Amino acid sequence: MRNRIKIERAIKDLTQESLAKQVGVSRQTINSIEKNRYAPSTVLALKLSNVFEKSVNELFELDETD
């Protein structure tokens, strides 16, 4: 799965830490999502969607191998 979290975070000028606090996870979780090492739960994906005012589909995209 690919994602646009790092890009959207930069657009909103958010640190990993500040984003993590907004959605109730650790900075390490945000880092892992951005590096595609962790696929977020549905609830976390929806929280991120709310922060960035984008649909989940705009933030996350399945790879052809997924």
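For the structure, check the block above.
Our subject in this report is the structure included herewith. (Residues numbered from 1 in each chain as written. Predicted model: local features only at pLDDT ≥ 70, side-chain atom pairs only at ≥ 80, totals over all residues. Heavy atoms only, no water.)

This part covers the packing of helix α2 (residues 16-23) against helix α4 (residues 42-52). Look at α2 against α4: their axes get within 10 Å of each other, and the N-to-C directions meet at 115 degrees. Between α2 and α4 the crossing geometry is right-handed. Contact residues: L19, Q22 and V23 in α2; L44, K47, L48, V51 and F52 in α4. Its residues placed into classes, the contact of α2 with α4 shows six nonpolar, one polar and one charged. (Axes fitted to C-alpha atoms, helices over the stretch in contact; angles between N-to-C directions. Helix = DSSP H or I, 4+ residues; strand = E, 2+ residues; numbered from the N terminus. Left-handed = near helix turned anticlockwise from the far one by under 90°. Contact = heavy atoms within 4.5 Å. Nonpolar A, V, L, I, M, F, W, Y, C, P; charged D, E, K, R; others polar.)

Within the chain, D13 stands out as a residue other than glycine whose phi angle is a positive 55 degrees. Under the relative-accessibility criterion, D13 is labelled exposed at 69%. Of note in this structure, N36 is not a glycine but carries a positive phi near 60 degrees. You can see N36 is positioned in the loop between α3 (27-34) and α4. Since its relative accessible area comes to 43%, N36 is described here as partly exposed. (Buried < 20%, exposed > 50% of the residue type's maximum accessible area, 1.4 Å probe, protein only.)

Under the criterion given, the structure shown has six salt bridges. One salt bridge connects R2 with D63, and the closest N-O pair in it is separated by 2.9 Å. Here R2, found in strand β1 (residues 2-3), pairs with D63, found in the segment after β2 (60-61); they are 61 residues apart in sequence, far enough to count as distant. The class of R2 is partly exposed, set by a relative accessible area of 42%. By relative accessible area, D63 is classed as partly exposed at 24%. A salt bridge links E8 to K54, with the nearest nitrogen and oxygen atoms 4.0 Å apart. Residue E8 is located in helix α1 (residues 5-11), and its partner K54 is located in the loop between α4 and α5 (56-59); the two are separated by 46 residues in the primary sequence. The structure contains a network of salt bridges with shared partners spanning R2, E61 and D63. (Salt bridge = Lys/Arg side-chain N within 4 Å of Asp/Glu carboxyl O.)

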